[in-house]
Each structure stands twice: as C-alpha cells, then as structure tokens.
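Residues per chain are reported as follows:
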Amino acid sequence: MKSLYSIGLMLCFLCAFWHSKNIASEQLVISKQNSHINLLGKIDWLVEDKSLQLSDIQHLQDWQTGYLPNQVNQDKSLWGKFNIVFDDPDEEQYFLTVGNPQLDYVDVFLLDEKDRILGSYLMGGNRDYSKRALKHRLFITPIGAEQQVVTVFIRINDDGPLVFPVDLDKQSSLVEREQLLLAIIGFISGGLALLACYFLITYIFMRSPVRFWFALSSAAFLLLFLNTKGVLGQITGITAYISNLSCALLGLLLLTSAKVTFAILERVPTVWRYALYSFGFITLGMTFTPDSGLQITFSALMAALSGTLIGLLAFFYHKPDKKTANLVGLLGLTFIAISGFGQVTLFLSGIPLTQKISLIFTVLIMLGIMIIALAIEAHERVLTYRHNMQQQLAIKDLQHFYDLFRNSAEGLYTSSLDGQLISVNPAMCSLFGYLDEAEMLREIHNAAQFYATPQDRAIMLGEIHKSGKVIGKEIKGIRKDGSEFWFVISGQIKREHEKQYLFGSISDVTDRKQSNISLEYLATHDSLTGVYNRREFERRLQSGLLKAQNQNSDLTLLYMDLDQFKVVNDTCGHKAGDLLIKQLSQKLDAVVLGKGILARLGGDEFGVLLEGDNAQMAYLLANKLLNAVQEFRFIWENRIFTLGISIGQVPWQPNINSPEQLLSMADAACYLAKERGRNQVHTYSAEDEHMQRYESEMSWVSHINHALENDSFELYYQHYQALSQRIEGHHYEILLRMRDQEGNIVPPSTFFPAAERYNLTAQIDRWVVENYFCWLADNPKHNAELTRVSINLSGHSLADKELKLFVLNAFEKYKIPYAKVCFEITESMAILKMDETLEFINTFHKLGCLFALDDFGSGFSSYSYLKNLPVDQVKIDGGFVKDILVDPVDMAMVNSIKDVAKAMGMETVAEFVESTEIMVELGKMGVDFAQGYGVAKPNALADFTRHR
C-alpha cells in the first residue's frame, strides 16, 4: 500500500510538471480575483555556475520548465524566472513567498518592462536575518502592483535538495493564511509543551524513569517541529544553523525514544540496546557535517532503522501483562512512521510540501506521540499492579513471621562510624526500653549511649578495624531507665554510597551471665559475691546520711581493700580470683550480718555501713573483720594463699553532706592504712599530714576526671630543630596542659603524678590521641605539611590492653598517616613494662609508626635495655644536656649516648636546649635534633605558627 501511495504521488507530480511545462513560458495575468497563486509550475528554471550574475542570466535562452533538485550542486545556482501582468492594478500589495526556511541563499530581483531593476532582496539562512524585507520565518518579498508588467528572477543556492514551494498572495490572503497556520502551530506546540510538562512534573513526584525520558522526547520533538517551521530562527534571529540544529534535535529524539523503549520493554539484550543508542549518536554526529543533504539522508536512514528496530523489539520482548501497553505503543509508532516516511519520500522525490500538508503530517506525529503517552500510562498501571502484588506478598510473609519477630530478643541497628544512629528494629527498641523506633532514634544521639562504659564502642571499633569484624563480644549495656544489663554484640563495617556504616546485632545475655538471679536482685546485689553492689550501697548511704542529719544519730563507714589479692589473680588467673572474692565475701558477710550492711565497691574493695548503736562499735567490728581475713585460707590447685586487709574508718560528722564525701574520706583512711604497713585499721583525721597529702592527690584526681569529662585539657606543641640536615614541613612534640576552674593553665608536672598513681594515664592518653587526631582531620592543610609529630604515651597506658585497639580505631577514624606519628615512651616505664611495651611497639611499627625512648640515660641499665627495644629515636635526658658547656662529664655522657644511638641506627634528640650556644655544640657533636626554650617555647596548638 505504501508503494502504491508513493507511485500515485509521483504520477501527480509528473502531471503537474507536464502541465507547468505547457504554461510556464506564458505570462501570469493577475486579476482582483487572484488572492493566492501557487507559482511553482509557472516558473522557468535554469541551472548555471554560481559566479554568474543577473546581467549574465537575463538574456540566456535555454530556460526549462522544470529542474531536478539533486542536479544542483554547491558550485551551481538555481535561477527561476516568470512574468506577472497586473490586469487590473489593485491598491492591495502582493507578496512572493519561498516556503523552505532551511535554504542558504534566496535572492529575488524585480524588473520592469524595460528590464530595469525595481528592487532586489537578498535573503537566506546564511544571511543576516535583520536585513530581510519582512522579519518572517519564510522568505517573503513584497511586489507592488504599480507596474503593469513585472519580471521576477529568483536565485537559490543550497547544498541540500532544492525542494520548496513558491506562492504569490495578496496581503489580505497572506495575513489570513498566516493567522491560520500560526494558530495551528501554536496549538500543536502548546499540546507538546503541556505533554512534556505533565510527564516531567509527574516524574518529580513518581520518580518513574519512563516519564522523564518521554518528557525529554516530547520537548525534543517540540523544538524540532518549531525549528523545521523556521519559528526558532524567527525568534532568535539565528538562521544559519537550522539544518544542523534539526539534525541534533532528531538525534536527541532518537536517544530519548530508545530510553522510553527500554523503560517499557523488558529483558532487551544489551546488543540491541547499543544498536538503538548508536542510531541516535550517529545522528548527533551528523550535526557537525557541513553538507545538509548528507545530514538529511543519514538522519532519515537512522530514523527509519530506529523505528523499525523499536517495532521489532516491541514484538519480541514483552511480557503478557504488558500486551495492551505494547500494542498501543506500536499503534503510536505506526502513525509516526507513516508521517515520517511520507514527508521524507516527498522531499527526496523533489515534491515540495505545502504548509498545510506539512502540518497534517505533524498532526499525525503528534497523534502518535499522544498514543505512546497512553501506552506509557498503561505500562505504569502494570508496574503499579505488580508493585501492589509484591506488597501483598510481603505483607503475607510479614504476617507469617509476625509472632517469631515479636518474640525475638535480637536487636538490629545501623550507625555511622561516628556513632550517629541510622536505623533500628523493634527488637532493638524493646531491648533498650524504648517504645518505638522513632523514640529511640530521637533520644539516642550516639550509639555509645548503648554502653555502660561509652569507650567500649571505640574499643570494639578498633577490633573491627583490626580483624574486619567482631562476633559475640560481651559488653555491659545501659537501658533508657539507667538499668544495666549484659548483651552480646556482633558487627562489621560495610561501605554504601561512598560511606562506611557499622551494621550490628545485639542479644540480651543477662540471664545467662547471672544464672538464676532475678533482675531486681541484680539491680541491688553484686553478681559474683551476692552482697550489695556499689549503687545500692550508695543509695543506702545517702538514706543513712539524711537520717543522721535529721535525727543527729551515729553513722560510721568502713572502707576495706584486700592486700595481696593481685598475687592470686596473676599466678592463678581470674577464675581463681573470682572464687577467692566469692568465698571471702561470705566470711565478711557473716561477721557483719545483723550489725550493718556489706557491699562490694570494686574489684577487691568492700564497704560496711553501720548506723545507730552499731556505729559506736565500728572499731571493734573492724578488728573482727581484720581477724576474719587473717584466718582465711584460700586453696587453689594444692596451693594455699593468705591475705590481709586494710580498713579505713570514718565516723559521720555534721560537716559531711554527701555519700561521695564520706566515701572519699574512707578511701583516704584506707590508703593510709596500706601505706603504714597494711593489714590494719586507720581512722580518718583531718589533722593527719599524710591524710592531707593524700586528699590533695585525690583532689587532683577529681580535677583530672572533671577535665576528661568537660574537655578542660588543652593541647600545646613545641617545635624540634634539625641540626644535621634540613627538613621541610612541621616537626614538633604534642604537650598537655590542664585549665583549672579559674581558667589558669596547669602544667602536667602538677597533676600527672596523681594520674599515674590512680591509673588515669590511659584515659588521658586516649584524650590526647583522640583530640589531636580530630584537630589534624579538621586542618587538612596542616596535616599535608606535617613531617612528624611526637606524642607521649605513659608506661601505665601500655599495660592497658584496650589502648592499642583505641589508637588503631583513631588512626582509621580520622585517616591519619601512620608514618607521620612518633610515640614517645619514657625509659624507666618501658623497662618496667617491657612485655607490654614490646607488644605495643611491634604492632604500630608494622603500620609505619616511629617510636622514641624519652629521658634516656636516667635509668640504671639504659644501654642494656636499649638493645632490646626496637625504637627509632633516643631523647637524651635534659639533665645531661643543659650543662654540657660547663660540665665535661655531661658532655661525655651526651657524646656516649649519641655514639651508641648512631651505632644502632637511631636518631638522637637533645632535650632542655636552653641557648643557641648549646644548640651549636650539639650540632657539632652530631646530635640530630634539638628541643627546648632555645629552639621554641611551648604554645597552644590552636594558635599554631610555623617554626622559622
């Protein structure tokens, strides 16, 4: 049918051509009744060289009544000529219209009877739009009716097929026809714009890809339609690239149509996807071809191939439930194919399309697009139905497992590495005492709130960074109401969307750990010994203090600390230690029973609260407890152990207002009992000098804990000076200061002894590492310029096995390069903690960290131990450095240390360099680095300045 249709059109064209041949040479007589005339068949044509002008053409005789469009190449010009005779001159003006806006050059010359030029109009897409006679999308030339006879010459140059209509209209007829065409163009454009906007807006809400691509397809066709009609050129005034822009828009249309196709169809093989995309990209590539004829040919071929392939894919690749959507889509594609095939066939055959016929074809395409829009709606109805069915199946599955899920004790959660809680399941909420997920996510600001000891989370993350995951780790947690319980946690870190998340599962194991002890009993009693725990003891102590204050009654507190308990733990293990504590607590409870309450306050610490008359017998009871411990014998694997106990006694006085104050005083008395020989009772006295010293230390302990909780520590730094080589970048040591409640800066020599005595150094070291690494991460430029930083670690901290995991996690958390960090370890403490020191050094050496031995030379066997410590740097004790210019012994000691270090391949750093003269002498000796006030004074890290 399509072939017959094309043959019919060709016959019509030949008939019209033959008819025009008969009348072309005749003069065209115009009367008042002639409001519109199609001139194409009334014009004589001539193809000549591009260089010929009007004067050369006028007298040529070989004019023809027709031409073949494809015979006019880039070196030729097409000339047309016809005569107009105005039979009855009219006041109304006539207009000559050449109806193809893509022509490169269109020149119109008007001559009178004597071949004098009445007017010349030079137009075309490649010429300035503003110089046209009429600012119109087509090429319109006014012809006045003042002359009775007018000869019109038309010259056309273009590199594509020369197919165009030529019309002559009265002004009124032209206005009427133009109004109708503009209305139709506006109607079609508005429809396409509405269609594009509708699908784009619905895509925003529904997030359906097919809607997005169809909106782009509609927009691309709208622009293509307006461009081929010359409207875009008329609006912008840019007409030189109409053909190129049409090619680009068609390529975009083919690509977006392919995306629409693949969104609707399913299981289309990749090879066909690439094939369909290639048609669009080839068309886009043709945009840059200067030959518009080649652009038209290839674009038509790619569009035909694309439409054919889409039809075949729709036939072969679809599911039964999309049959309606596919059939409707094929119908729309058929309308588009008929329109496109018809236009291309007529154009390539040289038959010009009138504006009305062109609009009819456009309407067919628009109708096809609207039908495809209906197909998309049908497609999405199928997807909605599928989604609803999946939801129904999911609901059935959820219903099936509802009872199992409701009774599950396992909680699941997701958090960021920083601790921000992202998601939880109902079991998790129930486990921690929250009503629902929303409440838990709202009230939990950091996953560390799950843990009774928040630092347990950092330690767990360190284990995950080390081994990749953690499985079955038992940790004590805390619920919303403050109650503690035991849970087992498993977790691992996964990367999603370029971010790392912690996925964890938690199960309550309190019952297993506490055997048959009820939760109420667990809340008030120690799980191991069965006596009261610290929380319940403090609660009762608070109640006793209120009673003593209100009734002025007696109250005495005994604070007891076992002597030699650590020997049992170290030699026999914690299992033996637990059994010892359990047996001994039964003996103590038997002595206290009926007179007061006994509680376990710590690992090997107990407290006794005596009230009323029993408080007056406190010293006697303390001695009975002392004797009970002395008589106690612990047997483990045929070994017998004896223990002692130190007891601190504090009677209540009116100036004691809180349980914490009373416990602190009792602890101080117990400490003095230990210092005075252990295994005795010591009563608290405010006038005791030893007590005052101890309380001063305890005061610093309180200040340290306050600084840890409120970030009252401050980081300082002190630059190093290289003596033997030039080193670029920052090189300094991190120092620690405390800011007291009055805002004064406190040096570490004031508070650090108390921290070491009461095992707070590990917490301080964690604070330093965490806060310095955080500062580095917040100052990436400084981090990039950093060459080396030295960080002090206390020897006591190295005995803390969890510090290593904490530091590993900090390196990973803040992305700090290992090679830039040097840990300083004091020589005396490294010797005392040799095994722990070696384990710590080996772990971080493998990762790239450096180690320095601080205060070298202060120990008794420095050189001997130096051989066994794999350190990279030796810091010469400042006591030898400060007097090297006046004391030859100090000079010899520094030289000796330097020589030994060099022999072992270690760097040397001299401390306490107080002057330039000392620094110069050290440089001559071969010491590598200097540190001291002669180099730079310590300054706050927040005010960091480069060392010069």
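In the block above lies the structure referred to throughout.
Residues numbered from 1 in each chain as written. Predicted model: local features only at pLDDT ≥ 70, side-chain atom pairs only at ≥ 80, totals over all residues. Heavy atoms only, no water.

Peer 1: Could you give an account of the overall build of the protein chain, with specific residues and numbers?
Peer 2: Helix and strand content of the protein chain: 34 helices and 33 strands. For the protein chain, the C-alpha radius of gyration of 48 Å lies well beyond 30 Å, the compact-globule estimate for 948 residues. By its C-alpha atoms, the protein chain is 145 × 80 × 55 Å across when sized along the principal axes. Here the protein chain holds 948 residues, and the buried ones make up 48% of them. The contacts in the protein chain between residues at least 6 apart in sequence include a share of 67% that link residues at least 24 apart. Accessible surface for the protein chain amounts to roughly 46900 Å². Of this, 55% is attributable to carbon and sulfur atoms. (Helix = DSSP H or I, 4+ residues; strand = E, 2+ residues; numbered from the N terminus. Rg over C-alpha atoms; globule rule 2.2 N^0.38 Å. Buried < 20%, exposed > 50% of the residue type's maximum accessible area, 1.4 Å probe, protein only. Contact = heavy atoms within 4.5 Å. Areas by Shrake-Rupley, 256 points an atom, 1.4 Å probe, with all protein chains shown as cover.)

Peer 1: Talk me through the pattern of salt bridges; I want residue IDs and the actual numbers.
Peer 2: Using the criterion set out here, one finds 30 salt bridges in the structure. Here aspartate 526 makes a salt bridge to arginine 600, at a shortest N to O gap of 3.2 Å. Note that aspartate 526 is positioned in the loop between helix H16 (519-524) and helix H17 (534-551) and arginine 600 in strand E17 (residues 597-600), a separation of 74 residues in sequence. Across the pair, arginine 600 and aspartate 526 agree in class, each one buried. The salt bridge partner of aspartate 563 is arginine 678, with a shortest N-O separation of 3.2 Å. Here aspartate 563, found in strand E16 (residues 555-563), pairs with arginine 678, found in the loop between helix H22 (659-675) and strand E22 (681-683); they are 115 residues apart in sequence, far enough to count as distant. For arginine 678, a relative accessible area of 38% puts it in the partly exposed group. The network of salt bridges with common partners includes Asp561, Asp563, Lys674 and Arg678. (Salt bridge = Lys/Arg side-chain N within 4 Å of Asp/Glu carboxyl O.)

Peer 1: Explain unusual backbone geometry to me, using residue names and the numbers behind them.
Peer 2: With a phi close to 55°, aspartate 711 is a non-glycine residue in the positive phi region. Mapped onto the elements, aspartate 711 comes out in the loop between helix H23 (689-710) and strand E23 (713-719). Phi at phenylalanine 912 is positive, roughly 60°, even though this residue is not glycine. Structurally, phenylalanine 912 can be placed in the loop between strand E31 (907-910) and helix H34 (916-925).

Peer 1: Which residues make up the packing of aromatic side chains, and what values do they have?
Peer 2: One pass over the full model with this rule turns up 34 aromatic pairs. Taking 5.8 Å as the distance between ring centres and 45° as the angle between the ring planes, the aromatic pair formed by phenylalanine 713 and phenylalanine 751 counts as tilted. With phenylalanine 713 in strand E23 and phenylalanine 751 in helix H24 (residues 748-757), this residue pair connects regions lying 38 residues apart in the sequence. Each member of the pair phenylalanine 713 and phenylalanine 751 is classed as buried. Relative to phenylalanine 944, the ring of tyrosine 717 lies with its centre 4.7 Å away and its plane at 40°, an arrangement referred to as tilted. With tyrosine 717 in strand E23 and phenylalanine 944 in the segment after strand E33 (939-940), this residue pair connects regions lying 227 residues apart in the sequence. Neither tyrosine 717 nor phenylalanine 944 differs from the other in exposure class; each is buried. (Phe/Tyr/Trp six-rings, centres within 6.5 Å; stacked < 30°, edge-to-face > 60°.)

Peer 1: Report on the pairing of strand E27 (residues 786-793), specifying residues and quantitative values.
Peer 2: Regular strands show a simple pattern: their side chains alternate between the two faces of the sheet. Judged by how many residues are buried, E27 sits mostly within the fold: six of eight residues are covered. For strand E25 (residues 730-739) and E27, the ladder comprises five bridges, and the chain directions are parallel. Residue pairing for E27: tyrosine 732 is matched across the bridge by valine 789. In the sheet, E27 pairs with strand E28 (residues 821-826) via five bridges, with the strands oriented parallel. (Pairing = 2+ DSSP bridges.)

Peer 1: Describe helix H21 (residues 618-631), with residues and values.
Peer 2: The terminal C-alpha atoms of H21 lie 20 Å apart, and with 14 residues this matches the ideal 20 Å at 1.5 Å per residue to within 8%. Here H21 has its buried residues at Ala618, Leu621, Ala622, Leu625, Leu626, Ala628 and Val629. Down the axis, H21 shows its buried residues gathered within 160° of arc, on one side only. Buried residues along H21 sit against E16, helix H19 (574-592), strand E18 (605-611), helix H20 (613-616), strand E21 (644-651) and E22. (Expected span 1.5 Å × (residues − 1). Arc of directions from axis to C-beta.)

Peer 1: Just give me the short version of the packing of helix H18 (residues 565-572) against H19, but keep the residues and values in it.
Peer 2: Any two packed helices are characterised by the angle at which their axes cross and by the distance between the axes. Put simply, H18 and H19 touch, their axes get as near as 6 Å, and they point 145° apart. Contacts from Phe565, Val568, Asn569 and Cys572 in H18 reach His574, Ala576, Gly577, Leu580 and Ile581 in H19. Of the residues contributing to the contact of H18 with H19, the split by class is six nonpolar, three polar and no charged. (Axes fitted to C-alpha atoms, helices over the stretch in contact; angles between N-to-C directions. Nonpolar A, V, L, I, M, F, W, Y, C, P; charged D, E, K, R; others polar.)

Peer 1: Go over the side chain of aspartate 561, please, and point to the residues and values.
Peer 2: Here aspartate 561 shows up in strand E16. Residue aspartate 561 is classed as buried on the basis of its relative accessible area, which comes to 13%. In this structure, aspartate 561 is in contact with Asp604, Glu605, Gly644, Ile645, Ser646, Cys670 and Lys674, ignoring residues within four places of it in sequence.

Peer 1: Describe the sheet that holds strand E5 (residues 94-98), with residues and values.
Peer 2: If you trace the four strands from one edge of the open sheet to the other, you get E2-E10-E5-E8, paired in antiparallel fashion. Of all the strands in the sheet, just strand E2 (36-38) and strand E8 (139-143) have a single pairing partner and so form its edges. Direction aside, the axes of adjacent strands within the sheet are offset by 20° on average. The pairing of E5 with E8 spans five bridges and is antiparallel. When the sheet's bridge partners are listed, valine 98 is paired in E8 with phenylalanine 139.

Peer 1: Provide a residue-level description of a nonpolar patch on the surface, including the pertinent values.
Peer 2: A cluster of nonpolar side chains, contributed by Leu200, Ile201, Ile204, Phe205 and Met206, occupies part of the molecular surface with about 540 Å² of accessible area. Position of leucine 200 among the secondary structure elements: in helix H3 (residues 171-206). Note on leucine 200: relative accessible area 38%, which makes it partly exposed. (Patch = residues over 30% accessible without salt bridge, like charges linked within 9 Å, V, L, I, M, F, W, Y side chains within 5 Å.)

Peer 1: Tell me about the sheet that holds E22, and name the residues and values.
Peer 2: Strand order in the open sheet formed by five strands is E17-E18-E16-E21-E22, and the pairing between neighbours is mixed. The open sheet terminates on both sides in strands that have one partner only, identified here as E17 and E22. Shown here is a sheet whose adjacent strand axes are inclined to one another by a mean of 20°, direction ignored. Pairing of E16 with E18, which is carried by seven bridges, proceeds in the antiparallel orientation. Each bridged residue has a counterpart across the sheet, and for leucine 558 the counterpart in E18 is valine 608. Relative to E17, H19 is tilted by about 160°, and along the sheet it contacts E16, E17 and E18.

Peer 1: Could you give me a rundown of H18, with the residues and numbers involved?
Peer 2: Restricting attention to buried positions, one finds in H18 the residues Phe565, Val568, Asn569 and Cys572. Down the axis, H18 shows its buried residues gathered within 105° of arc, on one side only. Structural note: H18 exposes Lys566 and Asp570 on the side pointing more than 90 degrees away from its buried face. The inward-facing, buried residues of H18 contact E16, H19, strand E19 (633-636) and strand E20 (639-642). A positive phi of about 100° marks glycine 573, the residue just after H18.

Peer 1: With reference to specific residues and values, describe the environment of aspartate 115.
Peer 2: The residue aspartate 115 is located in the loop between strand E6 (105-111) and strand E7 (117-123) in this model. For the pair aspartate 115 and leucine 138, spaced 23 residues apart in sequence, the C-alpha separation works out to 27 Å.

Peer 1: Just give me the short version of the nonpolar core, but keep the residues and values in it.
Peer 2: Residues Tyr772 and Phe823 are the most contacted members of the largest nonpolar core, which totals 74 residues. Ranked by the residues each element gives to this core, the list is headed by helix H25 (residues 761-778), at eight residues. In this structure tyrosine 772 touches Leu715, Tyr732, Ile734, Leu786, Val789, Ile791 and Leu941, once residues within four positions along its chain are discounted. (Core = buried A, V, L, I, M, F, W, Y, C linked by side-chain atoms within 4.5 Å.)

Peer 1: Could you give an account of the environment of threonine 141, naming the residues involved and the relevant values?
Peer 2: Along the chain, the position of threonine 141 falls in strand E8. Using a relative accessible area of 0% as the deciding quantity, one classes threonine 141 as buried. Distance in space between the C-alpha atoms of threonine 141 and serine 120 is 9.2 Å, their sequence separation being 21 residues.

Peer 1: Describe in detail the pairing of strand E12 (residues 421-424), supporting the description with residues and values.
Peer 2: Taken together, the three bridges between strand E11 (residues 410-416) and E12 define a ladder with antiparallel strand orientation. Each bridged residue has a counterpart across the sheet, and for threonine 414 the counterpart in E12 is serine 423. Hairpin connection, E11 to E12: the antiparallel pair is bridged by four residues, and glycine 419 has positive phi, about 110°.

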